[in-house]
Amino acid sequence: MERKDRIQDSNEPKQPRQRVRITTARPNYGERPQYGERPQYGRPQRPQYSERSQRGDRPQYGERTQYGRPQRPQYGERSQYGRPQRPQYGQSQRPQYGEHSGYGRPQYGKASYGKTQGRPQSRQAYNPQAKYSMKKRIEYNESHIDPTAPIRLNKFLANAGVCSRREADDFIHAGVVTVNGEVVTELGTKIMRSDVVMFHDQPVTLEKKVYVLLNKPKDYVTTSDDPQQRKTVMDLVKNACPERIYPVGRLDRNTTGVLLLTNDGDMAAKLTHPRFLKKKVYHVVLDKNVTLHDMQKIADGLELEDGPIKVDAVEYAHQTDKKQVGIEIHSGKNRIVRRIFESLGYRVIKLDRVQFCGLTKKNLRRGDWRFLTEKEVDMLRMGAFE
C-alpha cells in the first residue's frame, strides 16, 4: 500500500523546490558596544576619546582590569612587558681610578686629578679581623737585610723606636746606652745586630718595619709633635701600630693627599733625598683661569728666588674649567707648587697630592689610612717610580 501511494503521488505535478537560508543573529556593526561591554564576536572596540567614561569609573592604578593595560610591575621585578628591570646600585661597572670615565674628564698619566665620576661606593664598617681588610697588619719580607752587616748605634736606637738619631747621639754622649754590658759614649760607634743593647737598663730590640699610607685632610700639620698644639697627622694614625712611625716628607697644613708614614729610615731617606728625584703629581685649583701662555711658561721652566725650576708635565685637569691644573714634578723644594703659580700672579685655592712615588689614594677616604701591600713595598725598594 505504501508503494502504491508513492506511485500515485508521483503522478502529481512536481512543485519547485524552495531554498531555505539559515542565518544567525549578528550584532549591527554600525553600532559600537558601550565601554566595558564585550560583544559576542571579535575584539571589543575602544571608545573614542570624547566618549570615555568619567575618571571616577576608571580602575585605580595598580589594579588589573579586564580590558585595557595590565598593571605596572613593582620596581625591581622583571615584567613581561616593557623595559627590563633596572640594575641594582653597585652592580653597574664604573671606571677605575685613573681610567677614562667617559664623561669628559681627561686622563693624566696613570692617575686622575679630579674626583672619579659617579656616586661613591657604599662604605662598609671596618673589620680588623677581615681577611682582606686594608687595615690588617702585614708582615713584610726583610730578607734583603744582611744580618752580618754592622749598623751605627744611633741608627739602631732610632730603628728600635727609642728616639730619633739626633736624640740618640745625646743619649750616647750622656752614657745611658750600653752594648754587651759596656757603656758606649763615642759617637759613630758601629755594632752588630746580634749585640745586646741596653737603654736606661732596658733591653732594646729592632722593630719590624711598618708602612702606612694616609690620605691627609686639611688643617693637619705634617710633624710628629707641634709646639703650637695644632692637630698633626700622628693624631690620625695613633692606633695604627705600636711602633714609632713618622711621616716621610712634608705637606703644608692646607695641602691634602697622599702621605707615607713608616719606621724604615733607609727608605724614608731614599724617598725624600733630592738626588733620587721621586715623582709627585698634584691637582691644583686656582683663583682664576690659567692662560695658555702661562701654561707654556711653566712647561718651559721658571726662575724662582732659589734657582730655576722645571716641571715634568703640566696640563688642564678639566675640559671646561681652566682653573684646575694637573702638574707632575720631581723637585722636593719647600712649597714648590704654590711658589710656581704665585710667581705668575695666581693664588692657590686647593692643592691635593694625588700620587707620590707611585702610591695613590685610591679607595681611601680623606683622613683615613691603610697599610701598604707587599707589592707596593717591593716597588718602593726597587725604585720603580723614580
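Rules of the game
For every chain, the first residue of its written sequence is number 1, and the numbers climb from 1 along that sequence. Given that this is a predicted model, residues contribute local features only at a pLDDT of at least 70 and side-chain atom pairs are listed and counted only at 80 or more, while totals for whole chains, interfaces and linings are drawn from all residues. Only hydrogens and water are removed before side-chain values are computed, so all heavy atoms of the structure are retained for them. Strands here are runs of E lasting at least two residues and helices are runs of H or I lasting at least four, both read from the DSSP assignment and numbered beginning at the N terminus. The buried label goes to any residue with under 20% of its type's maximum accessible area, the exposed label to any with over 50%, and the partly exposed label to all in between, with areas taken from a 1.4 Å probe on protein chains only. Whether two residues are in contact is decided by their heavy atoms, any of which lying within 4.5 Å being enough. Polar contacts here mean pairs of N or O atoms no more than 3.5 Å apart (in protein, one a potential hydrogen donor and the other a potential acceptor; neighbouring residues in sequence count only if both atoms are side-chain atoms). Only rings of Phe, Tyr and Trp enter the pairing, Trp through its six-membered ring, and a pair is recorded when the two centres are within 6.5 Å. The plane angle decides the type: under 30 degrees is stacked, over 60 is edge-to-face, the rest tilted. Geometrically, a charge over a ring is one whose NZ (Lys) or CZ (Arg) sits within 6 Å of the ring centre while staying within 35 degrees of the ring normal. Residue types Ala, Val, Leu, Ile, Met, Phe, Trp, Tyr and Cys, when buried and joined through side-chain atoms within 4.5 Å, form a set referred to as a nonpolar core. The pairing criterion is simple: DSSP has to find at least two bridges between the two strands. For this document, the term salt bridge refers to a Lys or Arg side-chain nitrogen within 4 Å of an Asp or Glu carboxyl oxygen. Every axis in this analysis is a line fitted to C-alpha atoms, fitted for helices over the stretch in contact. Angles between the N-to-C directions lie between 0 and 180 degrees. Angles below 35 degrees are treated as roughly parallel, those above 145 as roughly antiparallel, those between 65 and 115 as roughly perpendicular, and all remaining angles as oblique. In this scheme, a crossing is called left-handed if the near helix is turned counterclockwise away from the far one by less than a right angle; it is called right-handed if the turn is clockwise. Nonpolar residues are Ala, Val, Leu, Ile, Met, Phe, Trp, Tyr, Cys and Pro. Charged residues are Asp, Glu, Lys and Arg, and all others, Gly as well, are polar.

*Asks:* Whenever I open this one, the overall build of the chain confuses me. Can you help?
*Replies:* When you go through the chain residue by residue, the secondary structure sums to seven helices and 17 strands. By the burial criterion, 34% of the 386 residues in the chain qualify as buried. Here the analysis covers contacts within the chain between residues at least 6 apart in sequence; of these, 63% occur between residues at least 24 apart.

*Asks:* I'm lost on the side chain of N263 in this one. Help?
*Replies:* Topologically, N263 is positioned in the loop between β9 (255-262) and α4 (265-272). At a separation of 3.0 Å, a polar atom in the side chain of N263 contacts the main-chain carbonyl oxygen of K208. Dropping the residues within four chain positions of it, N263 is found in contact with N159, E207, K208, K209, V210, E243, R244, I245 and Y246.

*Asks:* How should I be thinking about the packing of aromatic side chains in this particular structure?
*Replies:* Here a ring pair, both rings aromatic, is described through the centre-centre distance and the interplanar angle of the planes. Inspection of the entire model under this criterion finds two aromatic pairs. Taking the centre distance of 5.0 Å and the plane angle of 80° together, the rings of F171 and F199 count as edge-to-face. Of the two residues, F171 is situated in helix α3 (residues 165-174) and F199 in strand β5 (residues 197-199); the sequence distance between them amounts to 28 residues. Given the relative accessible area of 29%, F171 is considered partly exposed. For the pair W369 and F371, a centre-to-centre distance of 5.3 Å together with 85° between the ring planes defines the contact as edge-to-face. F371 carries the same exposure label as W369, and that label is buried. Over the aromatic face of Y316 sits the side chain of K322, whose NZ or CZ is 4.4 Å from the ring centroid. In this structure, R353 is placed above the aromatic ring of F356, and the distance from its NZ or CZ to the ring centre is 4.5 Å.

*Asks:* I tried to follow the nonpolar core on my own but got confused; where do I start?
*Replies:* Looking at soluble globular proteins, one finds that nonpolar side chains tend to be buried together. Among the nonpolar cores identified, the biggest contains 31 residues, and V212, V237, L261 and L372 are the most heavily contacted of them. Within the residue set of this core, elements represented by two or more residues are β7 (211-216), β9, α4, β17 (369-371) and α7 (374-382).

*Asks:* Would you mind going over the side chain of N215 with me for this structure?
*Replies:* Following the sequence through the fold, N215 ends up in strand β7. On the accessibility criterion, N215 (3% relative accessible area) is buried. Ignoring sequence-local partners within four residues, the contact set of N215 consists of G257, K361, L364, R365, R366, G367 and D368.

*Asks:* Teacher, can you tell me more about the pairing of strand β14 (residues 324-329) here?
*Replies:* Along a regular strand, successive side chains alternate from one face of the sheet to the other. In terms of burial, β14 is a largely internal element, six of the six residues being buried. Bridge count between strand β10 (residues 280-286) and β14: six bridges; the pairing is antiparallel. Looking at β14, one finds that V281 is bridged to E328. Here strand β13 (residues 313-316) pairs with β14 via four bridges, running antiparallel. By the bridge assignment for β14, Y316 is matched with V325.

*Asks:* Would you mind going over the pattern of salt bridges with me for this structure?
*Replies:* Charged atoms that come close allow side chains of opposite charge to pair. This model, assessed by the stated rule, comprises 12 salt bridges. Taking the shortest distance from any N to any O, the salt bridge between D378 and R381 comes out at 3.9 Å. Here D378 and its partner R381 are both found in helix α7, three residues apart, which amounts to about one turn of the helix. By relative accessible area, which is 31% here, D378 ends up partly exposed. Three or more residues joined by partner-sharing salt bridges are found here, namely D252, R335, R338 and E342.

*Asks:* Would you explain the packing of α4 against α7 in this entry?
*Replies:* Two numbers describe a pair of packed helices, the interaxial angle and the distance between the axes. Orientation of α4 relative to α7, taken along the N-to-C sense of each, is 60°, at an axis distance of 10 Å. With respect to α7, the element α4 is oriented oblique. By crossing handedness, the relation of α4 to α7 is classed as left-handed. Across the interface between the two elements, M267, K270 and L271 from α4 touch V377, L380, R381 and M382 from α7. Residue classes in the contact of α4 with α7 are distributed as five nonpolar, no polar and two charged.

*Asks:* It is not clear to me how the sheet that holds strand β3 (residues 182-183) should be interpreted in this structure. Could you clarify?
*Replies:* Within a sheet, adjacent strands bond to each other through the backbone by hydrogen bonds, running parallel or antiparallel. Taking strand neighbours across the sheet as the criterion, the four strands line up as β3-β2-β5-β6 in an open arrangement whose pairing is antiparallel. Every other strand in the sheet has two partners, leaving β3 and β6 (202-204) as the edge strands with one partner each. The sheet contact formed by β5 and β6 spans three bridges and is antiparallel. Looking across to β6, one finds that V197 is bridged to V204.

*Asks:* I keep staring at the pairing of strand β15 (residues 348-356) and nothing clicks. Help me out?
*Replies:* In terms of burial, β15 is a largely internal element, seven of the nine residues being buried. As paired elements, β9 and β15 share three bridges and run parallel to each other. Paired with T256 across the two strands is D352, which belongs to β15. As paired strands, β10 and β15 are joined by seven bridges and run antiparallel to one another. Directly across from V284, in β15, lies its bridge partner L351. In terms of strand pairing, β15 meets strand β16 (residues 359-360) through two bridges, oriented antiparallel. Each bridged residue has a counterpart across the sheet, and for F356 the counterpart in β16 is L359. The antiparallel hairpin formed by β15 and β16 contains two residues in its connecting segment, where C357 sits at a positive phi of about 55°.

*Asks:* How do you make sense of the environment of I329 when you look at a structure like this?
*Replies:* Secondary-structure assignment places I329 in strand β14. Remark: the alpha-carbon pair of I329 and K278, spanning 51 residues in sequence, is separated by 8.4 Å.

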